[in-house]
Every structure is written in C-alpha cells, then in structure tokens.
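# Coordinate analysis (summary)
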Amino acid sequence: MPKLCVNIDHVATVRQARCISEPDPVHAALLAELAGASGITCHLREDRRHIQDQDVARLKQSVKTRLNLEIACTEEMLELAEQFAPHMVMLVPENRQEITTEGGLDVAGNLQRVKDATRRMKQSGMLVSLFIDPDRAQLDAARETGADVIELHTGAYANAITDQERLAELERIEAAALHATMNDQKLNAGHGLNLRNVKPIAAIKGLRELHIGHSIVSHAVLVGFERATREMVDAIREGEQLASRYTAEQILQHFSA
Ligand code: PXP
C-alpha cells in the first residue's frame, strides 16, 4: 500500500496567524508519526507564510521517520536544503500570489536548471523528487534530470466538479503512473487528497507515497492529529485493497465516501 507522508505546513499556518509558538508543527509531526505516518513533509516557501527556517531545523532533529523538504528551485532554497540536509528534497513551482501550489513544475521547459539542481542536491546526499502534472512530456523530461522520484500532482482530480471530469483526471493519473512505471521511474502523488477522494488514488498501481496535508490538519482540528492521521492510513489501505476487486471507475463511483 502507498505510504502516507503527512504535510504539517498548515499547523504552522495557524501559529503564524498569531506569530506565537503554538500550535507547534514539530509536535504535530511527532503525533503523526505515532499514528502511522511514514514520513513528514514541509514546504519552506520563499515568503515564509507558514513553515519557518527554525521549524525545518527542529523537524530535522526530531523526526524519526523521514523528513521531506519542499522548495522552489532557487539559489536561496537550494542552499538552505544543503544546510538542512533532509532525507528528500521536493522541487515544486512557486508563485507568490498563489494560495497553494497550483500546478506542476515545468521540467520540460526548464530542463537544464532542474537537471543542475537535481545533480547538486544528489551530490549532497539527498533524494530528489519533482512535483509534476500527470503529463508524458513532463515525465520524460523528469527522467532526463536524473531525479530519484516524481510526484504526480493530483490537484485537478481533487478539484474536478463533475463525475465525468473526475474520472477523466483519474485516468490521466493512471496513464501517467503506467508510463512512469514502464520508464522505471519511482512514483509518489499528492495535492488536494482527503478521506473522500483518496481511495481511487491509493488503488493506482506503482504509487509509493501519498503526500497529504491540508485535509489532515483540517480534520485534526476537530478530532486530533493522531486520529486524523490514522484514519487517512486506513483509507489508503482500503483503497489499495479495492484495486484487486474493482475497476478504477467502480472505486470512484462507490467507495469515495
Ligand atoms: N505535494 C506537494 C508537492 C505539495 O506542494 C503539497 C502542498 O503543499 C502537497 C503535496 C499536499 O497538498 P494538500 O495540502 O492539498 O494535501
């Protein structure tokens, strides 16, 4: 079954609303690990709207599973990644005006830059993941960079309004996963996933990790961080088990609560 990596950015969003010390994203990370998370992810944005440099340093010291650091592909961020030395660096596009990471990284259009950044991060001993749209050209470009993993952007699937759109987006992700597997690329996915839409994604063959943040933090506000993480791990397991008995369309229709 795909492993769950919990993104704790929005614990820091709540803290930054008051610029005080609570809630502490490090505390949330430890609770997520206790509840079955296989990794902790955070995004150090250029505008520092949620996670701060100090959080990454403290997470690096405290996380017992694996720390994944999302960054934009800029000199400042690459230097910080070298300093923090997380288990995996996840290169993502960043636009200051956006509310969240809106699309995948244009690897095909910035091949040399991404290739250089990938080589540099790997030389410092980190795994490198590229966050891309489920698109063949981007997958093939990602392969050329030598990145260890690609993360498929599931935002379009998560935001689809009609059943028809949702199925089309799911099929796009499945086709990309198949293409990546045939290319021997390691595959993760994430963005916009929640307890209602995660099962059809967890049923896709070849996915190793799901990176999920906002919905877990939102649920945790009501039920607590451990329970919110545990319920997501259970939903991923259930989705993966459904894959042997049902088609993707059936899972989408009947098991997305
Ligand atoms: N994966 C990547 C690369 C992301 O940038 C984000 C958002 O920070 C996520 C996964 C998690 O998205 P969400 O918070 O919608 O679960």
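To be clear, the structure that these remarks concern was listed above.
First things first, this report covers the structure right here in the doc. Note that the structure is a prediction, hence the values are computed from the model and not measured.

### A look at the packing of helix H6 (residues 136-145) against helix H8 (residues 163-182)
The geometry of H6 relative to H8 is characterised by a closest axis approach of 10 Å and an angle of 30 degrees between their N-to-C directions. As the angle between them shows, H6 and H8 are arranged roughly parallel. Crossing of H6 against H8: the hand is right-handed. Where H6 approaches H8, its residues Arg 136, Leu 139 and Asp 140 are matched on the opposing element by Ala 176, His 179 and Ala 180. Across the contact of H6 with H8, the residue classes tally to three nonpolar, one polar and two charged.

### A look at helix H11 (residues 225-242)
For H11, built from 18 residues, the straight-helix expectation of 26 Å at 1.5 Å per residue is met to within 8% by its first-to-last C-alpha distance of 26 Å. Turning to H11, its buried residues number three or more, namely Phe 225, Ala 228, Thr 229, Met 232, Val 233, Ala 235, Ile 236, Gly 239 and Leu 242.

### What to know about the pattern of salt bridges
Counted according to the given criterion, the structure contains 17 salt bridges. Across the pair Asp 55 and Arg 15 runs a salt bridge, and its minimum N-O distance is 2.6 Å. Taken together, the residues span a long stretch of sequence, with Asp 55 in helix H3 (residues 53-62) and Arg 15 in helix H1 (residues 9-16) at a distance of 40 residues. The pair Asp 55 / Arg 15 is uniform in exposure class, with both members buried. The residue Asp 163 makes a salt bridge to Arg 166 at a minimum N-O spacing of 3.1 Å. Residue Asp 163 and its partner Arg 166 are both found in helix H8; the two are separated by three residues, about one turn of the helix. Taking relative accessible area as the criterion, Asp 163 reaches 59% and is therefore assigned exposed. On the basis of relative accessible area, Arg 166 is assigned to the partly exposed category, the value being 21%. Each of Arg 15, Asp 24, Asp 55 and Arg 58 takes part in one network of salt bridges that share partners.

Calculation criteria
As a convention, each chain's residues are numbered from 1 in the sequence order in which they are written. Note on the predicted model: pLDDT of at least 70 is required for a residue's local features to be given, and 80 or more for side-chain atom pairs to be given and counted; whole-chain, interface and lining totals, by contrast, use all residues. As a rule here, side-chain values come from all non-hydrogen atoms in the structure, and water together with hydrogens is ignored. In this description, a line fitted to the C-alpha atoms serves as the axis of each element, helices being fitted only across the stretch in contact, and the angle between N-to-C directions of two axes falls anywhere from 0 to 180 degrees. In this text, helices come from DSSP runs of H or I with a minimum length of four residues, and strands from runs of E with a minimum of two, each type numbered from the N-terminal end. Each angle gets one of four labels, with under 35 degrees taken as roughly parallel, over 145 as roughly antiparallel, 65 to 115 as roughly perpendicular, and the rest as oblique. Should the near helix be turned counterclockwise from the far one by less than a right angle, the crossing is left-handed, whereas a clockwise turn marks it as right-handed. Two residues form a contact once any of their heavy atoms are found within 4.5 Å. Classification used: nonpolar for Ala, Val, Leu, Ile, Met, Phe, Trp, Tyr, Cys and Pro, charged for Asp, Glu, Lys and Arg, polar for all others including Gly. Expected helix span is given by 1.5 Å per residue-to-residue step, counting one fewer step than there are residues. Type-normalised accessible area, obtained with a 1.4 Å probe on protein chains alone, sets the label of each residue: buried when under 20%, exposed when over 50%, and partly exposed for intermediate values. Criterion for a salt bridge: a side-chain nitrogen of Lys or Arg within 4 Å of a carboxyl oxygen of Asp or Glu.

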